[in-house]
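# Fold and geometry: a report
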Amino acid sequence: MTDESTLIASVPTGLLIGGQWRDASDGATLDVEDPATGERLATIASATADDARAAMDAAADAFPAWSRTPARERGEILRRAFDLLTERADDFALLMTLEMGKPLAEGRGEVKYGGEFLRWFSEEAARISGRYGANPEGTGRTIVSQHAVGPCFLITPWNFPLAMATRKIAPALAAGCTVIIKPASLTPLTTLAFAALLEEAGVPAGVVNVLTTASSSKVSTPILEDPRLRKLSFTGSTGVGVRLMQQAADGVLRTSMELGGNAPFVVFDDASLDDAVDGAIAAKFRNIGQACTAANRFIVHSSVAEEFAERVTARVREMKVGRGTEDGVSIGPLIDAKAVDKAASLVADAVDRGASLLTGGSRIEGPGTFFEPTVLADVPADADLMREEIFGPVLAITTFDTEDQAVALANDTEYGLVSYVYTRSLARGQRMIEALETGMMGLNVGVVSNASAPFGGWKMSGLGREGGAEGIHEYLQTKYTMTADPFGA
């Protein structure tokens, strides 16, 4: 593994536009900090509206040639990128730990997960297909074909800086689209390093353009207003997603939105508590709880709630908090001070309303932005954390007595991204698949994300799907052609 200073020095600090790394047009910069220490890691370019327009020009100019590039060639480039990323897994894991805070082990897991999107869509590129057949009247032939939608604008969040980039870029490139990607200003270094890797893998100039910026609206507005843009993909909060959809409506853009979550984790009285506790730890504390798929509300049958809480609390008390590069650390820093304030506020509100604090519950004084891993029991339905996405290491337990009550509690949210259910009953599991209003579900498992499966939610959790056979179709548009009957007079 490369040492920290050498690794940071190897990351490009400019904007990637039309195959050239360059400074912002006005010379503006932004600092990237390590949330575990508060220290500056790097200073990078901060794009302007003029830079955004230049990136749009580059993506539009590169699109005709890239969309005509044979699918096999596009796939082989993605496969080379997968191989390069696999070779440099330790470096990318360390880079994410430095700029985002996740433990190194989780960083390595993200490299493996993110890399799978490159491998999956390298294979899907050659499988884009249509259909041909006679129309029912026999008067002609129907041809249905798929075509790259066009230049795409991809906006990624800070919590999974590699996987969210690969999950969007890989299907777009496989389909024949060009992209402009805007990573979060809190964690842009991983995207910059990945863009350099894509260049090395053979991605032509202008096919992938990167805009880092301290002002998202300044960069996003001119791109969204450009009639050459044909697709918007965003991962982030529901509030921002709604505003982006409103902007995208003027251009009738294809949109994919992976938005907020409020995942229920339901434990029935017949569940294996060993499995449920393992699943709870994975579903709640992965990425320090800063995941849209993180379990938010633990809805546990009253007959097993006390034992479940005791077991979970014992596991949480063993968790080591610290900088992600340290041995044995499982809980790193939250991304910034606002995240710590939010976690503290949600815990205080729950306790004020009658919840029992079993462990943790407090911010950890600096340096860095740390919050204790926390378990709350007897959380009332009106507590704020039962409605709001926690995005922190806080596990909140409430109880139920009947299956109908469990379903009602689980569905009592505007969000519908993912749910988790633990039961030994096959019939009950099938009923929950039918009853829970989420786009994904983990049945006796605490992690659902997989490159080969369609990731996405219902209700206010978003539109479209990423990954799986469905993922590439988000970047394709359908054309129907009627031809004359080849056997007609």
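Overview of the structure.

It is worth spelling out the overall build of the protein at this point. When its secondary structure is counted, the protein shows 15 helices and 26 strands. The globule rule puts the C-alpha radius of gyration for 489 residues at 23 Å, and the 23 Å found for the protein is close to it. Going through the 489 residues of the protein one by one, you find that 57% of them count as buried. Contacts in the protein between residues far apart in sequence, at least 24 positions, make up 73% of those at least 6 positions apart. For the protein, the accessible surface area stands at approximately 19,100 Å², while carbon and sulfur atoms represent 49% of it. For the protein, the centre of its 44 positive side-chain charges and the centre of its 64 negative side-chain charges are spaced 6 Å apart.

This next bit is on the environment of Thr-481. Within the secondary structure, Thr-481 sits in strand S26 (residues 476–484). Relative accessible area serves as the criterion here: at 30%, Thr-481 is assigned to the partly exposed category. Along the sequence, Thr-481 and Pro-222 sit 259 residues apart, while their C-alpha atoms lie 34 Å from each other. Contacts of Thr-481, omitting those with residues within four sequence positions, involve Arg-141, Thr-142 and Ile-143.

As for its placement among the helices and strands, Lys-284 is situated in helix H10 (residues 273–285). For the buried residue Lys-284, which engages in no salt bridge, the nearest side chain bearing the opposite charge is Glu-389, 8.7 Å off. Here Ala-295 takes part through its backbone oxygen, which lies 3.0 Å from a polar atom of the side chain of Lys-284. Polar contacts involving the side chain of Lys-284 include one to the main-chain carbonyl oxygen of Gly-392, which spans 3.5 Å. Apart from residues no more than four positions distant in its own chain, Lys-284 is found in contact with Gly-289, Ala-294, Ala-295, Asn-296, Phe-298, Ile-390, Gly-392, Val-394 and Leu-395.

What follows is about the packing of aromatic side chains. Evaluation of the coordinates by the stated rule reveals 7 aromatic pairs. Consider the rings of Tyr-113 and Phe-117, whose centres lie 5.1 Å apart with planes at 70 degrees: the pair is edge-to-face. A residue pair is termed a helical-turn pair when its members lie 3 or 4 positions apart in one helix, as Tyr-113 and Phe-117 do in helix H5 (residues 104–124) at 4 residues. In this pair, the class of Tyr-113 matches that of Phe-117, namely buried. Here the aromatic residues Phe-265, Phe-298, Phe-308, Tyr-420 and Tyr-422 are joined through ring pairs into a cluster of three or more. The ring of Tyr-475 carries the charged tip of Lys-231 above its face, separated from the ring centre by 4.9 Å.

Next up on the list: the pairing of strand S22 (residues 418–422). Looking along a regular strand, one sees side chains alternate from face to face of the sheet. Counting buried residues in S22 gives 5 out of 5 residues, a clear majority hidden from the surface. Here S22 shows a buried face lined by Val-418, Tyr-420 and Tyr-422 and a second buried face lined by Ser-419 and Val-421. The pairing of S22 with strand S23 (residues 440–443) spans 4 bridges and is classified as parallel. Among the inter-strand pairings, Val-421 is bridged to a residue of S23, identified as Leu-443.

For the coordinates displayed, the defined rule picks out 29 salt bridges. Here Glu-258 makes a salt bridge to Arg-167, at a shortest N to O gap of 3.2 Å. Pair noted here: Glu-258 is in strand S11 (residues 254–258) and Arg-167 is in helix H6 (residues 163–175), with a separation of 91 residues, a long-range link. By the burial criterion, Glu-258 is buried, and Arg-167 matches it. Note that Arg-353 and Asp-382 form a salt bridge whose closest N and O atoms lie 3.5 Å from each other.

With 6 of its 7 residues buried, strand S20 (residues 394–400) lies for the most part within the structure. Pairing of strand S13 (residues 295–301) with S20, which is carried by 4 bridges, proceeds in the parallel orientation. Counterpart to Ile-299 in the pairing with S20 is Thr-398. One ladder, built from 3 bridges, connects strand S19 (residues 374–377) with S20; its direction is parallel. Pairing of Val-375 across the sheet is with Leu-395, part of S20.

Moving on to H6. Residue pairs spaced three or four apart in an α-helix point in one direction, given the helix's 3.6 residues per turn. A rise of 1.5 Å per residue sets the reference length of H6, with its 13 residues, at 18 Å; its end C-alpha atoms lie 18 Å apart and thus fit the reference within 8%. Burial within H6 is extensive, with 13 of its 13 residues counted as buried. Trailing H6 by a residue or two, Gly-176 shows a phi angle of about 100 degrees, which is positive.

Now for the side chain of Asn-411. Within the secondary structure, Asn-411 sits in helix H13 (residues 403–411). Side-chain polar atoms of Asn-411 contact the backbone oxygen of Ala-435, separated by 3.1 Å. Polar side-chain contacts of Asn-411 include one of 3.0 Å to the backbone nitrogen of Glu-437. Residues contacting Asn-411, with those up to four places away along its chain left out, are Ala-435, Leu-436, Glu-437 and Lys-459.

Residue placement: Thr-293 occurs in the loop between H10 and S13. Its relative accessible area of 7% is what places Thr-293 among the buried residues. Remark: the alpha-carbon pair of Thr-293 and Val-203, spanning 90 residues in sequence, is separated by 31 Å. Contact partners of Thr-293, with chain neighbours within four places excluded, come to Ala-263, Ala-283, Arg-286, Leu-417, Val-418, Tyr-420, Met-440, Ser-449 and Phe-455.

We now examine the packing of H6 against helix H7 (residues 189–201). In a pair of packed helices, the angle between the axes and the distance between the axes together describe the arrangement. Contact geometry of H6 with H7 gives a least axis separation of 10 Å together with a crossing angle of 35 degrees. Remark: the crossing between H6 and H7 carries right-handed chirality. Touching Ala-165, Thr-166 and Ile-169 of H6 are Thr-191, Phe-194 and Leu-198, all from H7.

As a further point, take the sheet that holds S20. Spatially, S16-S19-S20-S13-S12-S22-S23 is the arrangement adopted by the 7 strands of the open sheet, whose pairing is mixed. Either end of the sheet is taken by a strand with one partner, and the two such strands are strand S16 (356–359) and S23. Each adjacent strand pair in this sheet contributes to an overall mean axis angle of 20 degrees, direction not counted. Along the sheet face, helix H12 (residues 337–352) touches S16, S19 and S20 and points at about 25 degrees away from the line of S19. Across the face of the sheet, helix H14 (residues 426–435) comes into contact with strand S12 (263–267), S22 and S23 while running at roughly 165 degrees to S23.

Calculation notes
- Residues numbered from 1 in each chain as written.
- Predicted model: local features only at pLDDT ≥ 70, side-chain atom pairs only at ≥ 80, totals over all residues.
- Heavy atoms only, no water.
- Helix = DSSP H or I, 4+ residues; strand = E, 2+ residues; numbered from the N terminus.
- Rg over C-alpha atoms; globule rule 2.2 N^0.38 Å.
- Buried < 20%, exposed > 50% of the residue type's maximum accessible area, 1.4 Å probe, protein only.
- Contact = heavy atoms within 4.5 Å.
- Areas by Shrake-Rupley, 256 points an atom, 1.4 Å probe, with all protein chains shown as cover.
- Lys, Arg positive; Asp, Glu negative; His and termini not counted.
- Charge placed at Lys NZ, Arg CZ, Asp CG, Glu CD.
- Salt bridge = Lys/Arg side-chain N within 4 Å of Asp/Glu carboxyl O.
- Polar contact = N/O pair within 3.5 Å; in protein donor to acceptor, adjacent residues only side chain to side chain.
- Phe/Tyr/Trp six-rings, centres within 6.5 Å; stacked < 30°, edge-to-face > 60°.
- Lys NZ or Arg CZ within 6 Å of the ring centre and 35° of its normal.
- Pairing = 2+ DSSP bridges.
- Expected span 1.5 Å × (residues − 1).
- Axes fitted to C-alpha atoms, helices over the stretch in contact; angles between N-to-C directions.
- Left-handed = near helix turned anticlockwise from the far one by under 90°.

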